Amino acid sequence: HGAGAHQGRPGGPGRRPPRPAALALAGLFLLLAAGLMALAALGPGWPGVPGGPGTPPAAPPAGAGGDGQPGGGGAGPAPPAPTGPTPQDEPAKAPASGSAPSPAGEPARSPTVTTLATGLEVPWGIAFDGRGRMFFTERPGRINLLEDGRVTRLLTLPDTVEVGESGLLGIALHPGFPDPPYLYVYQTYRARGGGLVVNRVLRFRFQDDGSGGRPRLTGRQVIFDGIPAASIHDGGALAFGPDGKLYVSTGDARAAERAQDPQSLHGKILRLNPDGSIPADNPLGPGNPVYSFGHRNPEGLAFDPASGRLYAVEHGPDAWDEVNRIEPGANYGWPRAVDPRDHGAPFTRSLRSYDPIIAPAGAAFYRGPVAAWDGSLFFGTLGFAPDSPGRHLRRLQLDATGTRVVAEEVLFKGVYGRIRAVAVGPDGCVYLGTSNRDGRGEPGPDDDRLLRLCAGPRP
């Protein structure tokens, strides 16, 4: 065999010894390969690894829009949809032995959830008096009192029309309760003749002489009538403001464009005197009950006890549920401005918008002993299916001005089903009512329920 017959063939006859340059090049390749293996082992912080250089930046904090404005309510691009749970919206796990997940920033307390009542049918609204007694409605037409662990039926209203989303909805107590002892409810009923359904506000006197006799409601009076009704979009929230006026939310009752008419009662928040008359200083004139307009279906109203600001949560259509800070005379856009990018003048920007929708329901503002919750807006969410983005309790932490969401938390996702009623009790606990028997849920054997969420032992 000649010397050149297998030249350059590894291991073959006539192979030449490696040159120093070749050895250096091979060493360089080995060193580079080892470095790449080390980078892969490092994980986060490197190109191609989540969180490292070259990775898209994390989404802005919940509540911040793409243009830096709260809730994405500006005229700029809409905020990106979340791609997965973040530390502040990690779904809560099912409570073990009555324990709820600890709210962020409150390590010294051990939050607990207590079931107060079972076997109810869509508890829609909750109101507390100064003694801690809970008054609540059930949508088919019942007004109840929960006191000392016992539910007492105060009254059944047989003329209540419960079809779809209508029925006996919100409840409120006069700010001076029990002097005067007035209780207010929002009711859907059928008008005489024609069979037209309408919403109205009723007022009762609560009678309890404290001698152990059965408390009751008397003196039924219609104080405001003629609110449009339909099988969907009936609004229904009641709340007294720090000005002593009664605020009432109405839905568009399937007539969307009328929400833009300030002379119509469709899709509005109304402001009334406690006797149902119209305040002379209302923003659209002394004869107009409208306080704000351009709403689709606001089911939750909440005043901040510290600042007196009013907030509302509102159902959107296929997208863009809203949390709004309500200003007198303001137009919130429905149906002409739905996407946050469309909420330029003359439409008021939302504080927070949600796409996909979460179906917000009852709302309450927290001022109380739990520091981590102070300055938070709580609201329930419904959702049309167990795997929907709704069906949880949501907490929005607001800044000192009440105009920006600085943190957001999801509690009890999938634990209690559809959560509708939300209230804060005088004991500093948050109270919830489920809505699993409303025709859109999957009720369990104990549904519907009233629940109490306390951060620490009950006072």
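Residues numbered from 1 in each chain as written. Predicted model: local features only at pLDDT ≥ 70, side-chain atom pairs only at ≥ 80, totals over all residues. Heavy atoms only, no water.

**Some words on the environment of G226**
We apply this condition: Helix numbers and strand numbers start at the N terminus; a helix is a DSSP run of H or I with at least 4 residues, a strand a run of E with at least 2. We call two residues in contact when some of their heavy atoms are within 4.5 Å.
Among the structural elements, G226 can be located in strand β9 (residues 216-228). When the C-alpha positions of G226 and N199 are compared, they lie 6.2 Å apart, and in sequence the two are 27 residues distant. In this view, G226 contacts V198, N199 and L265; residues no more than four positions away in its chain are not counted.

**Brief notes about the sheet that holds strand β6 (residues 168-173)**
Filter applied, for reference: Paired strands are those between which DSSP finds at least two bridges. Axis angles are defined between N-to-C directions and span 0 to 180 degrees, where every axis is a line fitted to C-alpha atoms and, for a helix, only to the segment in contact.
Pairing is antiparallel in the open sheet, where four strands are placed in the order β6-β7-β8-β9. Every other strand in the sheet has two partners, leaving β6 and β9 as the edge strands with one partner each. Going across the sheet, the axis of each strand differs from the next one's by a mean of 25°, ignoring polarity. In the sheet, β6 pairs with strand β7 (residues 182-190) via four bridges, with the strands oriented antiparallel. By the bridge assignment, L168 is partnered in β7 with Q187.

**Let's talk about unusual backbone geometry**
Filter applied, for reference: Only protein chains enter the accessibility calculation, which uses a 1.4 Å probe. A residue is then buried if its area is under 20% of the maximum for its type, exposed if over 50%, and partly exposed in between.
Here W334 and P335 are connected by a cis peptide whose omega angle stands at 0°. With respect to the helices and strands, P335 occurs in the loop between β16 (321-326) and β17 (352-354). In this structure, P346 follows A345 across a cis peptide bond, with omega equal to 10°. With respect to the helices and strands, the residue P346 is situated in the loop between β16 and β17. Although it is not a glycine, R254 sits at a positive phi angle of roughly 65°. Along the chain, R254 falls in the loop between β11 (246-249) and β12 (268-272). With relative accessibility at 58%, the residue R254 sits in the exposed group.

**Examining the confidence of the model for the protein chain**
Rules: pLDDT expresses, on a scale from 0 to 100, how confident the predictor is about each individual residue.
With 75% of its residues at a pLDDT of 70 or more, the protein chain shows a mean pLDDT of 81. Of all the helices and strands in the protein chain, helix α1 (residues 20-42) carries the lowest mean pLDDT, 41, while β11 carries the highest, 99. Every residue in residues 1-108 is under pLDDT 50, and counting partners more than four places away or in other chains gives 125 contacts.

**Some thoughts on the state of the cysteines**
Disulfides are covalent bonds that connect the sulfur atoms of two cysteines. Convention followed: Any two cysteine sulfur atoms within 2.5 Å of one another count as a disulfide.
Scanning all chains against the criterion turns up one disulfide. A disulfide bridge connects C429 with C454, and the sulfur atoms are separated by 1.9 Å. Handedness here is read from the sign of the S-S torsion; for C429 and C454, about 110°, the answer is right-handed. Here the residue C429 occupies a position in the loop between β22 (419-424) and β23 (430-434), and C454 occupies one in strand β24 (residues 450-455), the gap between them amounting to 25 residues.

**A few points about the nonpolar core**
What counts is decided by this rule: Here, nonpolar core refers to any group of buried Ala, Val, Leu, Ile, Met, Phe, Trp, Tyr and Cys residues whose side-chain atoms link them within 4.5 Å.
Formed by 20 residues in total, the largest nonpolar core has its most connected members in Y184, V201, F224, I227, L238, L246 and V248. Elements with a contribution of two residues or more to this core: β6, β7, β9, β10 (238-240), β11, β12 and β13 (290-293). Beyond its immediate stretch of four places on either side in the chain, F224 contacts R200, V201, L265, L270, L272, G276 and P289. F412, Y416, L453 and A455 belong to the second largest nonpolar core, which has 18 residues in total.

**Things to note about the environment of G333**
Tracing the sequence through the fold places G333 in the loop between β16 and β17. In this structure the C-alpha to C-alpha distance between G333 and H343, which are 10 residues apart in sequence, comes to 6.9 Å. Sequence-distant contacts of G333, defined by excluding residues within four places in its chain, comprise Q260, G294 and F347.

**Observations regarding the side chain of R142**
Put simply, the test is: The definition of a polar contact used here is a pair of N or O atoms within 3.5 Å, where within protein one atom must be able to donate a hydrogen and the other to accept one, and adjacent residues in sequence count solely through side-chain atom pairs.
Tracing the sequence through the fold places R142 in strand β4 (residues 142-147). On the accessibility criterion, R142 (16% relative accessible area) is buried. Engagement of the side chain of R142 in a polar contact is seen with the side chain of E121, the distance being 3.0 Å. The contacts of R142, once residues within four sequence positions are left out, are E121, F136, T137, R153, L155, T156 and L168.

**Some thoughts on the packing of aromatic side chains**
Applicable threshold: Centres within 6.5 Å make a pair out of two Phe, Tyr or Trp rings, where for Trp the six-membered ring is used; the pair is then stacked when the planes are under 30 degrees apart, edge-to-face when over 60, and tilted otherwise. Placement of a positive charge over a ring is assigned whenever Lys NZ or Arg CZ falls within 6 Å of the ring centre and within 35 degrees of the normal to the ring plane.
Within the structure shown, the criterion is met by 13 aromatic pairs. Taking 5.1 Å as the distance between ring centres and 90° as the angle between the ring planes, the aromatic pair formed by F135 and F206 counts as edge-to-face. With F135 in strand β3 (residues 134-138) and F206 in strand β8 (residues 197-207), this pair connects stretches of sequence that are 71 residues apart. In this structure, F135 and F206 share a single accessibility class: buried. Ring geometry for Y366 against W373: centres 5.5 Å apart, planes inclined by 85°, an arrangement best described as edge-to-face. On the accessibility criterion, Y366 (0% relative accessible area) is buried. By the ring-pair criterion, three or more aromatic residues cluster together here, those being F135, F177 and F206. Directly above the aromatic system of W334 lies the positively charged group of R296, at a separation of 5.2 Å from the ring centroid.

**Some details on the side chain of R133**
When you line up the elements, R133 lands in the loop between β2 (123-128) and β3. According to the relative accessible area criterion, R133 is buried, its value standing at 5%. In terms of polar contacts, R133 uses its side chain to reach the side chain of D129, at 2.7 Å. Here the side chain of R133 touches D208 through a polar contact of 2.9 Å, side chain to side chain. Ignoring anything within four residues of it in the chain, the contact list for R133 reads A127, F128, L145, L146, E147, F177, F206 and D208.

**Details of the pattern of salt bridges**
The condition that has to hold: A pair is scored as a salt bridge if a Lys or Arg side-chain nitrogen falls within 4 Å of a carboxyl oxygen belonging to Asp or Glu.
Summed over the entire model, instances satisfying the criterion amount to 25 salt bridges. Residue R440 is joined to E165 by a salt bridge in which the shortest nitrogen-to-oxygen separation is 2.9 Å. Here R440 is found in the loop between β23 and β24, whereas its partner E165 is found in the loop between β5 (150-156) and β6, with 275 residues between them in sequence. Using a relative accessible area of 30% as the deciding quantity, one classes R440 as partly exposed. Between R394 and E408 there is a salt bridge, and its shortest N-O distance comes to 2.4 Å. In this pair, R394 is assigned in strand β20 (residues 393-398) and E408 in strand β21 (residues 405-411), connecting sequence segments 14 residues apart. Of the residues examined, R394 reaches a relative accessible area of 9% and is grouped as buried. Given a relative accessible area of 1%, E408 falls into the buried group. Residues participating in the shared-partner salt-bridge network are E121, E138, R142 and R153.

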